[in-house]
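Spelled out from the first residue to the last, the chains are:
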Amino acid sequence: MKPRGPKVVALGGGHGLYASLSALRRVTDALTAVVTVADDGGSSGRLRRELGVMPPGDLRMALAALCGDDEWGQTWRDVVQHRFRSEGALHDHAVGNLLIVALWELFGQSAPGAAGEGPGVVAGLDWVGRLLGAHGRVLPMASVPLDIVADVRGADPSRPGEVVQVRGQVACAKTPGTVEGISLIPSDPPACPEALAAIDEADWVVFGPGSWFTSVLPHLKVPELVRALRRTPARRVVALNLAPQPGETDDFSPQNHLEVLQAHAPDLRVDVVLADRGVVDEPDALEKAVGDLGGRLVLADVAAADGSPRHDPALLAQAFVQIFAD
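No experiment lies behind these values; they were computed from the predicted model shown.

Among the surface-exposed residues, Asp281, Glu282, Asp284 and Glu287 lie close enough to one another that they form a single negatively charged patch. Here Glu282 is to be found in the loop between strand S9 (272-276) and helix H12 (283-292).

Overall, antiparallel pairing links the 3 strands, which are arranged S5-S4-S6 in an open sheet. Lying at the two open borders of the sheet, with one neighbouring strand each, are strand S5 (163-167) and strand S6 (178-185). Each strand of the sheet is rotated relative to its neighbour by a mean of 25°, with strand direction disregarded.

Turning to the nonpolar core, a few remarks are in order. By size, the foremost hydrophobic cluster in this structure holds 102 residues, and its most contacted members are Leu21, Trp104, Phe207, Leu220, Val238, Leu258 and Phe320. Residue contributions to this core peak at 6 residues, all from helix H13 (residues 313-325). When neighbours within four sequence positions are excluded, Phe207 is seen to be in contact with Leu11, Val216, Leu220, Leu229, Arg236, Val237, Val238, Ala239 and Leu268.

The subject of this paragraph is the packing of helix H3 (residues 57-65) against helix H5 (residues 95-106). Relative to each other, H3 and H5 sit at 105°, their axes nearing to 9 Å. Of the possible angle classes, the one that applies to H3 and H5 is roughly perpendicular. Across the interface between the two elements, Gly57, Leu59, Arg60 and Leu63 from H3 touch Gly96, Asn97, Ile100 and Trp104 from H5.

Two modes of strand pairing occur in sheets, parallel and antiparallel, and in both the strands are linked by backbone hydrogen bonds. Pairing in this open sheet of 7 strands is parallel, and the strands run S3-S2-S1-S7-S8-S9-S10 from one edge to the other. Since the sheet does not close on itself, it has two edges, and those belong to strand S3 (137-140) and strand S10 (296-300), each with one partner. Taken over all neighbouring pairs, the strand axes of this sheet differ in orientation by 20° on average, direction set aside. In terms of strand pairing, strand S8 (residues 235-239) meets S9 through 3 bridges, oriented parallel. Bridged to Ala239 within S9 is Leu274. Along the sheet face, H12 touches S9 and S10 and points at about 135° away from the line of S10.

Basis of the calculations
Residues numbered from 1 in each chain as written. Predicted model: local features only at pLDDT ≥ 70, side-chain atom pairs only at ≥ 80, totals over all residues. Heavy atoms only, no water. Patch = residues over 30% accessible without salt bridge, like charges linked within 9 Å, V, L, I, M, F, W, Y side chains within 5 Å. Areas by Shrake-Rupley, 256 points an atom, 1.4 Å probe, with all protein chains shown as cover. Salt bridge = Lys/Arg side-chain N within 4 Å of Asp/Glu carboxyl O. Lys, Arg positive; Asp, Glu negative; His and termini not counted. Charge placed at Lys NZ, Arg CZ, Asp CG, Glu CD. Helix = DSSP H or I, 4+ residues; strand = E, 2+ residues; numbered from the N terminus. Pairing = 2+ DSSP bridges. Axes fitted to C-alpha atoms, helices over the stretch in contact; angles between N-to-C directions. Core = buried A, V, L, I, M, F, W, Y, C linked by side-chain atoms within 4.5 Å. Buried < 20%, exposed > 50% of the residue type's maximum accessible area, 1.4 Å probe, protein only. Contact = heavy atoms within 4.5 Å. Parallel < 35°, antiparallel > 145°, perpendicular 65-115°, else oblique.

Structure representation (structure tokens):
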């Protein structure tokens, strides 16, 4: 049977990717998430350090977002997102993180020092997706775990003009000062082959929303991924955030997000930029920034009705339907 909707690849991580996947699964049956793998905090960081595995947290969240709205999907979504509360070693571990790592061990991706290598990572994620009845596939953006390094200006208030490097996703997200750019360690990691194939075959590629420096831009620092994003015949959509993220993009305007994206991937063309019309204070400036990337601006009402800086999945889905149809 022919899949409903276009072939879509969504790039990102964390809550932003969760929002886009929650919308996109309503739009298409041919959906692939390509997820950042640089988390070094919480349950993911502990499993990464103890077992030498890929950090599973952002992958788990993507799988949870792809769960259906029936009883099976919602039950398993709640199970994989559940966190233990205790005074012991299991405290704050997410059930889904443990499930993913268990499947990785069963499929041969368990030896410290070999984290992420071989087919076991993808096979394990595919099995979790089958268990959840996920409406799409979840893949890591690289075949090894990564560290993010941020160039931060003004991290030390006594030396406001000095640029220092901060290493680690958690540290980058919480650093004082202004993040001016990021790099990865290793600097040329092997991209996940299945992710490259999905991008090559896509009709649309979606960036964002999400933590700009720690979830969205890391994809543009994996050389193999960038080459795939340049050569793909797919059209590219950037979904902008509803508000700056404290500690990472303080005081950023919507156009600042696009300027930083262009600085990290100067040759990457963007076809459409989606923004919530309620958060765009300078439409002319944003229109210019979109034009500099080669795209067109789409304004739509995609924010949650309660006024919080969250995307409404149904409204975001409607916006994607219109973009894909145009």
